[in-house]
Amino acid sequence: QNKITLLQREQPLELETWNWVKSLHEQFPLQSGYPFFYVPFDDVMKDGWLFKLVESVKDKQITLLGFKDLKKMRINPNRGTVQIRASSGIDWFDMQIEIYFGEQKVTLADAKKALLKNQNYVELGDGSLGMLPEEWIAKLQPILKFGRVQGEQVHLSKFHVSLIEAVADQLDDEAILQELWEKKQKLLNFKEIMDVALPTNINVTMRHYQEEGYKWLHFLDEFGWGGCLADDMGLGKTVQMLTFLQEQKNRGSNRTNLVVVPTTLIFNWQAESAKFTPELQLYVHRGMDRRKDVEIFRGYDIILTTYGTMRSDIELLRKFDFHYVVLDESQAIKNPDSLTAKASRLLKSKNRLTMTGTPVENNTFDLYSQFEFLNPGLLGHGDFFRAEYAIPIDKFQDKQKSEELRKLVYPFLLKRTKEEVAK
């Protein structure tokens, strides 16, 4: 008891540790006059700093003391785990998502609230805060944004196949994995799309890329998805569409399609249909003396009309069940609040297609109304899309949001440039 113990300091290690602590927050190097570092309370949770601190300290295998004494801030020491199970319906996936921090379970509704606020933490039942794993935030955020949460399940349209694919490594249902794989292969590779023979009753020799476009339209038809053929001007979008409609007619009767075009393209569609697909019966619905009887449409394969006439006659046109509705130069409906866009969404059909060389003319929001016509709900509510994608991409050049949007729309938009197909 009368011993004196001398502890030799390891000053290089002390200095290394001090410098490491100093690197943990941008404010710490400015506080070097103190024998400690501090973070104002309002900054502790900014960008999840406290959780990053906890992870950094754990990685260094340093014991962190004092959490029990924090009155305003309690951190659950368990790293969150996510379990996902899925089932498949005709047009939707049901995903059961469970998030645990040790014994504490997070409700899906609470996880959604946190993720939509861009928080990477969630308050648990015992009052502590659980850190959502960083790698899961990017995967779950889009799913919870676009899915309908009911209890512990998320009801997600098959339009969002690319979002579900992001969590495929957590699924053990072979049928769903096979379905996702097949769709992905077809989306990314023309060779995987079912080979559809060209109709023999067309008067055109299609170029290779036009034949691929024709097959892509049939791929969309197989799943009942709407899509936008967005090849550059001059690459023959009209020929591809007419050939597709001819094959649709060849497969069965009573396939009346509505094609809506700007007035300047009426004669072009008439001429190209007469030249390339002469067996398609085409009726032009426009002019002061136009018939106001939709029953006469049944005798034709294509009802050709203008955006102005479609808008004026929407109460008449919406009474008819068309096979396909096709909008040419579909940037005409880029404003979702315009009467033209509202009228287009009232039309009834088995499926919908659009054509435009400029799907985005001025800003990213131009896409929204066109996709709301094609696949309603795909991009969420208009205000949500503007805040979530259009403003971050257009105003701040947000690459992550741009990539997220690309994943959402790429299955439904085919665009080839003149440079791509020049060979």
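Please refer to the structure higher up on the page.
Per-chain numbering applies: the sequence of each chain, read as written, is numbered from 1 onward. Confidence filtering applies because this is a predicted model: local features only for residues at pLDDT of at least 70, side-chain atom pairs given and counted only at 80 or more, and all residues used for totals across whole chains, interfaces and linings. Hydrogen atoms and water are omitted, and side-chain values are computed over all heavy atoms in the structure.

Looking at this structure, how should I read helix α3 (residues 49-59)?
Residues separated by three or four positions in an α-helix point in the same direction, a consequence of the helix having 3.6 residues per turn. Residues of α3 that are buried include every one of Trp-49, Leu-50, Phe-51, Leu-53, Val-54 and Val-57, and no others. Throughout, a contact is declared for two residues whenever any of their heavy atoms are within 4.5 Å. Elements are defined by DSSP. Helices are runs of H or I of four residues or more, strands are runs of E of two residues or more, and each kind is numbered from the N terminus. Tucked into the core, α3 has its buried residues touching α1 (11-22), α2 (41-44), β4 (121-123) and β5 (129-131). Of the residues flanking the end of α3, it is Gln-61, one or two places downstream, whose phi is positive at about 60 degrees. Exposed residues in this analysis have more than 50% of their type's maximum accessible area, buried residues have under 20%, and partly exposed residues fall in between, with area computed by a 1.4 Å probe over protein chains only.

Would you explain the pattern of salt bridges in this entry?
Pairing of side chains with opposite charge becomes possible as their charged atoms draw close. A pairing counts as a salt bridge when a side-chain nitrogen of Lys or Arg comes within 4 Å of a carboxyl oxygen of Asp or Glu. Going through the model one piece at a time under the given rule, you end up with 20 salt bridges. Its salt-bridge partner being Glu-14, residue Arg-9 comes within 2.8 Å of it at the nearest N-O pair. Salt bridges sharing partners connect three or more residues here, namely Lys-145, Glu-388, Lys-401 and Glu-404.

Please explain the side chain of Asn-375 as it appears in this structure.
Following the sequence through the fold, Asn-375 ends up in the loop between α14 (366-374) and α15 (382-396). Asn-375 sits in the buried class, given a relative accessible area of 0%. Apart from the residues within four sequence positions on either side, Asn-375 is in contact with Phe-159, Trp-225, Gly-226 and Phe-412.

What is the right way to read the pairing of strand β9 (residues 257-261) from this model?
Along a regular strand, successive side chains alternate from one face of the sheet to the other. The element β9 is extensively covered by neighbouring structure, given that 5 of its 5 residues are classed as buried. Covered by surrounding structure in β9 are Asn-257, Val-259 and Val-261 together with Leu-258 and Val-260, the residues of both alternating faces. Strands qualify as paired when DSSP identifies two bridges or more between them. Here 5 bridges tie β9 to strand β11 (residues 302-306), and the two strands are oriented parallel to one another. Within β11, the residue paired with Val-260 across the bridge is Thr-305.

Just checking my understanding: could you explain the packing of aromatic side chains for this structure?
Aromatic rings in a pair are described by how distant their centres are and how their planes are angled relative to each other. For Phe, Tyr and Trp, where Trp contributes only its six-membered ring, two rings pair if their centres lie within 6.5 Å, and the inter-plane angle classes them as stacked under 30 degrees, edge-to-face over 60, or tilted in between. Within the structure shown, the criterion is met by 24 aromatic pairs. The interplanar angle of 35 degrees and the centroid separation of 5.5 Å between the aromatic rings of Tyr-368 and Phe-385 together place this pair among those described as tilted. Taken together, the residues Tyr-368 in helix α14 and Phe-385 in helix α15 connect sequence positions 17 residues apart. On the basis of relative accessibility, which here comes to 6%, the residue Tyr-368 falls in the buried class.

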